[in-house]
Amino acid sequence: MSRTIQNIEPIGAIVLAIIWVSPLVFAFWAAFHSTSDAVNFNLTASWTLDNFRTAWDGAPWIRYFLNTFALVTVILIGQFIVTTLAGFAFAQVRFPGRDLMFILVLMQLFILPEVLIVENYAMVSRLGLFDTILGVGMPYMASAFGIFLMRQAFKGVPIELHEAARVEGCSWFGILWRVYVPLARPTYLAYALVSVSTHWNNFLWPLIVTNSPDTRPLTVGLSIFGAPENGVDISVISAATMMSVAPLLLAFLIFQRQFVQAFLRAGIK
Amino acid sequence: MSRFVQIERRRQAIYGWILLSPALVLLSTFAFYPSVATFWSSIFSRQTRRRPSEYVGFENYSDLFADPTFWKVVINNLIYAGATIPISIVIALAMALWANSKIPARGFIRTAYFTPTVLPMIAAANLWLFFYTPGLGVLDQIGGLVGLPSVNWLGQPSTALWAVIMVTIWKEAGFFMIFYLAALQTIPEDLKEASDIEGASRWTYTRRIVLPLLMPTTLFIMVNALINSVKLIDHLFILTKGGPNDASKLILYYIWEMAFAFFDAPHAAAMTILVLLVLGIVAGIKFTILDKRTHYQ
């Protein structure tokens, strides 16, 4: 009796795990089979790459990949610069109005860029950044979350190191660059992983501010490709979906431990 | 001496503001100014070719309150939040407890739970489309095996919203699991030993010791889940487009539709302000009540 109870939990855990991966596994399987075999669950059907060929020819995927890649890079560089400077100011520089400013920054955690789409669209157009990668990335660069994270990381740096560098005649910028940034490397890594996976997957804002294949990221490209109006069949959509999630998914499976650690560090601190 | 201190203080102030300026410029441009501008445009009428935009006070808001679609969308979003928040938290907790215990195939289990988190919502929607398609979809095929009739999950008002909710839970439960896992690892081993000595069952230990210790994490996750219930709408674009008959339309999708499909910016702005108000209340609760108990130092 107690044996059965003991076994219930592992079985529950495994059943849930199987349910959780099944959409992915099924789409993967369908991507390699013809539509009629896929919808009929013909498990013995032969494997094919036709869906990938059709999907590949249906949209400028390489362009989309490059756009997404450029987008996450631009955002990450911007975020690193902005959040490092602001995080350092909040952690180690004393100036009047600092606490008020910090509250203002934290408020942005709740003024989601997603909610302000209408005015941000107007702003980006006004700045002449409509349909540019910079325009897609800019609203995310001053990330309150990142500033908060960097502040926490910089606060953990022993003040003795700061003093020592100052005695050696290091400038403020020198201290930041030579003492604080290297010591916060794990936080940068964590933040980078979270940022890249967030913006690799972002959809609504890029949908609004991009208007051509030259700037469109993967998610937007995928949604246009799979739109019912295009009449693409489901196996081909699966193939396209697999193609577009493959890089991040593979990276995740390989660096799983670091990935999870990164999310933990980013979420908890 | 005091002169020196004063100069040093002033220098620090200048440095502080210089360091902060890029962040402040960007935040003002893309968060603070747009919030104010949104409010401003919400109290003016829509500009048409014949009539210029004019001040209308809170008319846009009263239009919204008189609009049945608006209420439909608000109720949908309440159901969406009311279902996704508790269900994904409970599942996340179960996942974390399992993934943290000595269980066979733990590596596979953890990976399986977390994988949806790294997928774009759009891709997730495409995967689930396969499950929901009437006649062909996996759900129908499984139902067919036990003799259930074919169901158009996304095409009928009674199920469309729930189909959307399911995808959201699938997407976010694994993410929340991570926070629980982290918290579980900070629970000291001796508490388990002590309760073993006392002869407490695993269930009692979980309920009396683990769950109370996880409370701050739960509150943190709740705030995140609440924000997600406003933000996570990407899959609507693939699965239902808010239909049928607005049955699965959520607030942010309606804002998007109003602004970019119907070109009615003032009403979209009014709705945005209402969302910001709600988020502001959540923020207020978080910073005043919750932060006293959570792990921010």
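What you are looking at is a predicted structure, and each value in this text was computed from that prediction instead of being measured.

Enquirer: Help me out: how do you make sense of the overall build of chain A in this one?
Expert: From N to C terminus, chain A includes 15 helices and 0 strands. Taking 2.2 N^0.38 as the reference for a compact globule, 269 residues should give roughly 18 Å; the C-alpha atoms of chain A span a radius of gyration of 23 Å, well beyond that estimate. Dimensions of chain A, computed from the C-alpha atoms along their principal axes, are close to 75 × 65 × 30 Å. In chain A, which comprises 269 residues, the proportion classed as buried is 46%.

Enquirer: Even after reading the chapter, I still don't get the environment of Ala45(A), so can you show me in this structure?
Expert: Residues and elements named next belong to chain A. On the secondary structure map, Ala45 appears in the loop between helix H2 (35–39) and helix H3 (50–58). When the 15 C-beta atoms within 10 Å are taken as the criterion, Ala45 is described as partly exposed. With 57 residues separating them in the primary sequence, Ala45 and Phe102 have C-alpha atoms 60 Å apart. Setting aside its immediate chain neighbours within four residues, Ala45 contacts His33 and Asp37.

Enquirer: Sorry if this is basic, but what is going on with the nonpolar core here?
Expert: The biggest cluster of nonpolar side chains holds 167 residues, and the ones touching the most others in it are Ala92(B), Trp128(B), Met177(B) and Tyr180(B). Take this core: its biggest share by element is 16 residues, from helix H7 (residues 157–184) of chain B. Setting aside residues no more than four positions away along its own chain, Trp128(B) makes contact with Pro23(A), Val167(B) and Leu239(B).

Enquirer: I would appreciate a short explanation of the packing of helix H2 (residues 59–66) of chain B against helix H13 (residues 265–288) of chain B in the present structure.
Expert: In helix packing, the relevant descriptors are the interaxial angle and the interaxial distance, both defined with respect to the helix axes. All names here are of chain B. Between H2 and H13, the least distance of the axes is 9 Å, while the angle of their chain directions is 80 degrees. Accordingly, the angle class assigned to the pair H2 and H13 is roughly perpendicular. When H2 is examined against H13, the residues Asn60, Tyr61, Asp63 and Leu64 are found in contact with a partner set consisting of Pro266, His267, Ala270 and Met271. The residue makeup of the contact of H2 with H13, split by class, is 5 nonpolar, 2 polar and 1 charged.

Enquirer: Which parts of the structure should I look at to understand the packing of helix H6 (residues 117–126) of chain A against helix H1 (residues 2–42) of chain B?
Expert: Two elements in contact, H6(A) and H1(B), have axes whose closest approach is 9 Å; the angle formed by their N-to-C orientations is 115 degrees. With respect to each other, H6(A) and H1(B) are oriented roughly perpendicular. Between H6(A) and H1(B) lies a crossing whose hand is right-handed. Residue-level inspection shows Val118(A), Glu119(A), Asn120(A) and Met123(A) of H6(A) in contact with H1(B), the latter providing Thr29(B), Phe30(B), Pro34(B), Ala37(B) and Thr38(B). Taken together, the residues of the contact of H6(A) with H1(B) sort by class into 5 nonpolar, 3 polar and 1 charged.

Enquirer: Where do I start with H6(A) in this structure?
Expert: Owing to its 3.6 residues per turn, the α-helix aligns residues three or four sequence positions apart on the same side. Extensive coverage of H6(A) is indicated by the burial of 7 of its 10 residues. Every buried residue of H6(A) is accounted for by Ile117(A), Val118(A), Glu119(A), Asn120(A), Tyr121(A), Met123(A) and Val124(A). At its buried positions, H6(A) is contacted by helix H7 (133–137) and helix H12 (204–209) of chain A together with H1, helix H12 (251–260) and H13 of chain B. With its phi angle positive at about 75 degrees, Gly128(A) sits one or two positions after the end of H6(A).

Enquirer: How should the interface of chain A and chain B be read in this particular structure?
Expert: Many authors give the size of an interface as the accessible area that is lost as the parts come together. The interface of chain A with chain B comprises 72 residues on the first partner and 71 residues on the second. A per-element tally of the side of chain A that touches chain B places helix H1 (residues 2–31) of chain A first, with 13 residues. Of the residues belonging to the side of chain A that touches chain B, the class tally is 55 nonpolar, 12 polar and 5 charged.

Enquirer: Hey, could you run me through unusual backbone geometry in this one?
Expert: Note on backbone geometry: most residues besides glycine have negative phi, and most peptide bonds are trans. Residue and element names in this part refer to chain B. You will see that Asn245, though not glycine, has its phi angle at about 55 degrees, which is positive. The phi angle at Asp246 is positive, at roughly 65 degrees, despite the residue not being glycine. In this fold, Asp246 is placed in the loop between helix H11 (234–239) and H12.

The rules behind these values
Starting afresh in each chain, residues are numbered from 1 along the sequence in its written order. The lettering of chains begins at A and the numbering of ligands begins at 1, in the order of writing. pLDDT decides what is reported in this predicted model: residues at 70 or higher carry local features, side-chain atom pairs at 80 or more are listed and counted, and totals for whole chains, interfaces and linings draw on all residues regardless. We count a stretch as a helix when DSSP gives it H or I for four or more residues in a row; a strand needs E for two or more, and each element gets its number in order from the N terminus. The reference for a compact globule is 2.2 Å times residues^0.38; the radius of gyration itself is calculated from the C-alpha atoms. Any residue with 12 or fewer other C-beta atoms within 10 Å of its own C-beta is exposed, any with 20 or more is buried, and the rest are partly exposed; the C-beta atoms used are placed from the backbone. Contact between two residues is assigned when their C-beta atoms, built from the backbone, lie within 7 Å. When buried Ala, Val, Leu, Ile, Met, Phe, Trp, Tyr and Cys residues are joined through C-beta atoms within 7 Å, the set is termed a nonpolar core. To obtain an axis, a line is fitted to C-alpha atoms, over the contacting stretch when the element is a helix, and the angle between two such axes runs from 0 to 180 degrees between their N-to-C directions. Working definition: roughly parallel below 35 degrees, roughly antiparallel above 145 degrees, roughly perpendicular at 65 to 115 degrees, and oblique for all remaining angles. Residues are grouped as follows: nonpolar covers Ala, Val, Leu, Ile, Met, Phe, Trp, Tyr, Cys and Pro; charged covers Asp, Glu, Lys and Arg; every other residue, Gly included, is treated as polar. Should the near helix be turned anticlockwise from the far one by less than a right angle, the crossing is termed left-handed; should it be turned clockwise, right-handed.

In short, the description is geometric, and any link to function would need to be established separately.
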